Amino acid sequence: MKASRISIAAALFLIAPALAWSAPLERTSLRGREVLGLRLGGVFTSGVFNDEFGNGSEIEIHFTQGLSDWLGLEFALSSHNFGESKDEAKNILFFDRTDVNLQMFSLTVGAIALKNINDRVAATLEAGPGFYSVNAIVPEGFYEAQKTDNRLGLYGGAGLLVKLANSVSLSANGKYHTVFIRTNSEDTVHFYTGEDMVRFFQISVGVVIKAH
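Peer 1: Give me the environment of Gly159: which residues, what numbers.
Peer 2: As for its placement among the helices and strands, Gly159 is situated in strand β6 (residues 143–165). With relative accessibility at 11%, the residue Gly159 sits in the buried group. Between the alpha carbons of Gly159 and Ser171 there is a distance of 7.2 Å; along the sequence they are 12 residues apart. With sequence-adjacent residues up to four places away left out, Gly159 is seen in contact with Ala122, Ala123, Thr124, Ala172 and Asn173.

Here it is, written out as structure tokens:
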């Protein structure tokens, strides 16, 4: 009897995802919706910025306020972690330290448009301005010193939403950021790259939940 119960439980466990996947779903609509999500992934750089810092990791919390079936406002708070500087000579010249780490926090606000592909899958496009906090982190013994440059920028992105249930979806997203840099010797990124703007691409995946 016990073995039979275990077999039944195992069978239910195996078929539950298939049943959930085949359950009827409503087409995605943003009208009157509040959507909260979390995504993890990576950031990818190019050119001089890549030469100086390379690629890194990404974590993003995002919120959508629906305005109509297909249009909403998208708010995102992201941490872009580029890691250690590759140029020890510049580290010593600028900070008088051999180790320097670069991290950006961004707060973006954009318009997001949604297009249903079928009952389960929807595509998104988004774009807007952003506020970027560029942080150089310098270890000092047991502590860390930090230099912060606050800059403005723009972003654009595209993504896919795949419904697991009417209120829960998987999210895959890519965004392209352009951050405007001041061309003076005190700006950290300009000192390392010599450029007046930097660009990077983020790719992330996660889960979104409709709160309303």
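Peer 1: Report on the pairing of β6, specifying residues and quantitative values.
Peer 2: Relative to β6, strand β5 (residues 121–140) runs antiparallel, the two being bridged by 20 bridges. When the bridges of β6 are listed, Val121 appears paired with Val162. Connecting β5 to the next strand, β6, in antiparallel fashion are two residues, including Gly141 with a positive phi near 65°. Where β6 lies against strand β7 (residues 168–180), 12 bridges are found, and the strand directions are antiparallel. Directly across from Ala158, in β7, lies its bridge partner Gly174. The turn linking β6 back onto β7 is made up of two residues.

Peer 1: Can you explain the pairing of strand β3 (residues 71–84)? Please cite residues and give values.
Peer 2: In the sheet, strand β2 (residues 56–66) pairs with β3 via 10 bridges, with the strands oriented antiparallel. Among the inter-strand pairings, Ile59 is bridged to a residue of β3, identified as Ser79. Taking the residues that link successive antiparallel strands as the turn, the β2-β3 hairpin has four residues. Pairing geometry for β3 and strand β4 (residues 101–116), over 13 bridges, is antiparallel. Following the sheet pairing, Glu84 is matched in β4 by Asn101.

Peer 1: Residues and numbers for unusual backbone geometry, please.
Peer 2: Even without glycine at this site, Asp96 takes up a positive phi of about 60°. Residue placement: Asp96 occurs in the loop between α3 (88–95) and β4.

Peer 1: Talk me through the side chain of Arg39; I want residue IDs and the actual numbers.
Peer 2: Structurally, the position occupied by Arg39 is in strand β1 (residues 34–45). In terms of polar contacts, Arg39 uses its side chain to reach the side chain of His62, at 3.3 Å. Within the local environment of Arg39, its side chain forms a polar contact with the side chain of Ser171, the two groups lying 2.9 Å apart. Residues in contact with Arg39, not counting those within four places in the same chain, are Glu58, Ile59, Glu60, His62, Glu74, Ser171, Asn173, Lys175, Ser204, Val205 and Gly206.

Peer 1: Provide a residue-level description of the packing of aromatic side chains, including the pertinent values.
Peer 2: For the structure shown, the criterion picks out nine aromatic pairs. Ring geometry for Phe63 versus Phe75: centroids 6.4 Å apart, planes at 35°, classification tilted. Taken together, the residues Phe63 in strand β2 and Phe75 in strand β3 connect sequence positions 12 residues apart. Clustering of aromatic rings is evident, with ring pairs tying together Phe49, Phe53, Phe82, Phe94, Phe95, Phe191, Tyr192 and Phe200.

Peer 1: So what's going on with the nonpolar core? Which residues, and what values?
Peer 2: Core analysis: the largest hydrophobic core is formed by 19 residues, its most contacted members being Phe49, Phe82, Leu102, Met104, Val179, Val198 and Phe200. Here the element with the most residues in this core is β5; it accounts for four residues. Setting aside chain neighbours within four positions, we find Met104 in contact with Phe49, Ser78, Ser79, His80, Phe82, Tyr132, Ser133, Val134, Val179, Val198 and Phe200.

Rules behind the numbers
Residues numbered from 1 in each chain as written. Predicted model: local features only at pLDDT ≥ 70, side-chain atom pairs only at ≥ 80, totals over all residues. Heavy atoms only, no water. Helix = DSSP H or I, 4+ residues; strand = E, 2+ residues; numbered from the N terminus. Buried < 20%, exposed > 50% of the residue type's maximum accessible area, 1.4 Å probe, protein only. Contact = heavy atoms within 4.5 Å. Pairing = 2+ DSSP bridges. Polar contact = N/O pair within 3.5 Å; in protein donor to acceptor, adjacent residues only side chain to side chain. Phe/Tyr/Trp six-rings, centres within 6.5 Å; stacked < 30°, edge-to-face > 60°. Core = buried A, V, L, I, M, F, W, Y, C linked by side-chain atoms within 4.5 Å.

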